[in-house]
Amino acid sequence: MLIIGSHVSFDSKEQLLKSVKEAISYGANTFMFYTGAPQNTRRCDLDLNKVNEAKKIMIENGINIDNVICHAPYIVNIASDLDASKYDFSINFLKQEVLRLDVLGIKYLVLHPGSSVGIERRHALENISNALNKIISETNEVIILLETMAGKGTECGVNIQEIYDIIEKISNKDRIGVCLDTCHLNDSGIDISKFDDYLDNFDMLIGIDKIKCVHINDSKNEIASHKDRHENIGFGTIGFDNLIKVIYNERLESIPKILETPYVGENKEFPPYKQEIEMIKNKKFDNSLIENIINYYKK
Ligand code: FE
Ligand code: FE
Ligand code: ZN
């Protein structure tokens, strides 16, 4: 069965309940959320009544909580310890985030491995492993998923070897996994039309069972551009057919697929996810998708 959803919102008032309702409105059977704003680390206290209500609605709507993904804010950086207080803050924040997910009953936390600002690459990869070992040893349950990155600036985790180098130094490997991102793979230099070759290489070094989530995004830029700008499904350089082959790849059948494609409309005010999910289920590219989304939300 296809497990598909998108990035959804979460706020301090309605909390996970808001995320679940939004996912259902898109016809999704999973979703990904941030526990607050992606660009900051202010987080609210969890309301257990809301958590329980959200879980009830998930069950009623066929959303298995084991497929739900949380994304860590992208400003935490466990790769560089140039500023020791920032490094420690990031470790501490992530530990608190994992504890919050334990309360919510969420299994997966997606994390950008970080940027090696000002330090040597090998040292940065070691920092990441050390930080993860600390977070993992002081918490239970949650599995941290390293996201494959586009290679913008000094980003770490831009190829299979770097992901392998980080994972190799993790003591409890049951608590670590990988989240692929098709836009990031394309921008890092992977040809998505040969996705099965990538999976073969991934399997040889890391093991395909470590892949626990796939972000499905088209890309605004050419292969190996190291840019990281997402495009709507079928409207970018990867293309609809190549993305469909990833989404329906037999080796990743039981893995949640999450859309992080851009909002559309003059002010980027309309979420594309309901119509993109429909299009993916139909397996047929719709040239007028963007107009259809705008019309749907304007009426
Ligand atoms: Fe991400
Ligand atoms: Fe992503
Ligand atoms: Zn991205």
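Reading the values: rules and limits
Residues numbered from 1 in each chain as written. Chains lettered and ligands numbered in written order. Predicted model: local features only at pLDDT ≥ 70, side-chain atom pairs only at ≥ 80, totals over all residues. Heavy atoms only, no water. Helix = DSSP H or I, 4+ residues; strand = E, 2+ residues; numbered from the N terminus. Rg over C-alpha atoms; globule rule 2.2 N^0.38 Å. Buried < 20%, exposed > 50% of the residue type's maximum accessible area, 1.4 Å probe, protein only. Contact = heavy atoms within 4.5 Å. Areas by Shrake-Rupley, 256 points an atom, 1.4 Å probe, with all protein chains shown as cover. Lys, Arg positive; Asp, Glu negative; His and termini not counted. Charge placed at Lys NZ, Arg CZ, Asp CG, Glu CD. Pairing = 2+ DSSP bridges. Axes fitted to C-alpha atoms, helices over the stretch in contact; angles between N-to-C directions. Donors = N, O, S within 2.8 Å, 3.2 Å for Na, K, Ca; no water. Polar contact = N/O pair within 3.5 Å; in protein donor to acceptor, adjacent residues only side chain to side chain. Arc of directions from axis to C-beta. Core = buried A, V, L, I, M, F, W, Y, C linked by side-chain atoms within 4.5 Å.

### Examining the overall build of the protein chain
And then number 1: When helices and strands are tallied, the protein chain shows 10 helices and 10 strands.
And then number 2: At 18 Å, the protein chain has a C-alpha radius of gyration in line with the 19 Å of a compact globule built from 299 residues.
And then number 3: For the protein chain, the C-alpha atoms occupy an extent of roughly 50 × 45 × 35 Å along the three principal directions.
And then number 4: By residue count, 55% of the 299 residues in the protein chain fall in the buried class.
And then number 5: Look at the contacts in the protein chain between residues 6 or more apart in sequence, and 75% of them connect residues 24 or more apart.
And then number 6: Of the accessible surface of the protein chain, which amounts to about 13,300 Å², a share of 48% is contributed by carbon and sulfur atoms.
And then number 7: If you average the places of the 35 positive and of the 45 negative side-chain charges in the protein chain, the two averages end up 4 Å apart.

### Quick notes on the sheet that holds strand 1 (residues 4-7)
And then number 1: Reading around the circumference, 1-2-3-4-5-6-7-10 is the order of the 8 strands in this closed barrel, with parallel pairing throughout. Neighbour to neighbour, the strand axes of the sheet diverge by 30° on average, direction disregarded.
And then number 2: One ladder, built from 3 bridges, connects strand 1 with strand 2 (residues 30-33); its direction is parallel. Across the sheet, the residue bridging to His7 is Met32, located in strand 2.
And then number 3: Across the face of the sheet, helix 3 (residues 84-104) comes into contact with strand 2, strand 3 (69-71), strand 4 (108-111) and strand 5 (143-147) while running at roughly 150° to strand 4.
And then number 4: Running over the sheet, helix 4 (residues 121-137) touches strand 4, strand 5 and strand 6 (176-181) and is turned about 160° from strand 5.

### Things to note about the coordination of the zinc ion (ligand 3)
And then number 1: Each protein donor to the zinc ion (ligand 3) is listed here as His184 (NE2), Asp228 (OD) and His230 (NE2); together their distances run 2.0 to 2.3 Å.
And then number 2: Going along the chain, you hit the donors of the zinc ion (ligand 3) in the pattern H-x43-D-x1-H.
And then number 3: Between the two metals, the zinc ion (ligand 3) and the iron ion (ligand 1), the spacing is 5.3 Å. Pair noted here: His184 is in helix 6 (residues 182-188) and Asp228 is in the loop between strand 8 (218-219) and strand 9 (230-231), with a separation of 44 residues, a long-range link.

### A closer look at the side chain of Asn133
And then number 1: Mapped onto the elements, Asn133 comes out in helix 4.
And then number 2: Take Asn133: its relative accessible area is 17%, and that puts it in the buried class.
And then number 3: Side-chain polar atoms of Asn133 contact the backbone oxygen of Lys169, separated by 2.9 Å.
And then number 4: Not counting residues up to four positions away in its chain, the partners in contact with Asn133 are Lys169, Ile170 and Ser171.

### Focus: helix 7 (residues 195-205)
And then number 1: Listing the buried residues of helix 7 in full gives Phe195, Tyr198, Leu199 and Phe202. All buried residues of helix 7 lie within an arc of 100° about the axis, which places them on one face of the element.
And then number 2: Tucked inside the fold, the buried residues of helix 7 contact helix 5 (160-168), strand 6, helix 6, strand 7 (211-216) and helix 8 (240-247).
And then number 3: Downstream of helix 7 by one or two residues, Gly207 has phi in the positive range, about 105°.

### Some details on unusual backbone geometry
And then number 1: Located in the positive-phi region is Glu141, a residue other than glycine, with phi close to 70°.
And then number 2: Within the secondary structure layout, Glu141 lies in the loop between helix 4 and strand 5.
And then number 3: Despite not being glycine, His226 shows a phi value in the positive range, around 55°.
And then number 4: Assignment of secondary structure puts His226 in the loop between strand 8 and strand 9.
And then number 5: Here His226 falls in the partly exposed class, since its relative accessible area comes to 37%.

### Side note on the nonpolar core
And then number 1: Core analysis: the biggest nonpolar cluster contains 83 residues, and Phe31, Phe33, Leu132 and Leu180 have the highest contact counts within it.
And then number 2: Other than its neighbours up to four places away in sequence, Phe31 contacts Ser6, Val8, Leu16, Ser19, Val20, Ala23, Met58, Ile63, Asn67, Val68, Ile69 and Ile258.
And then number 3: Residues Ile69, Tyr108, Val110 and Cys213 belong to the second largest nonpolar core, which totals 9 residues.

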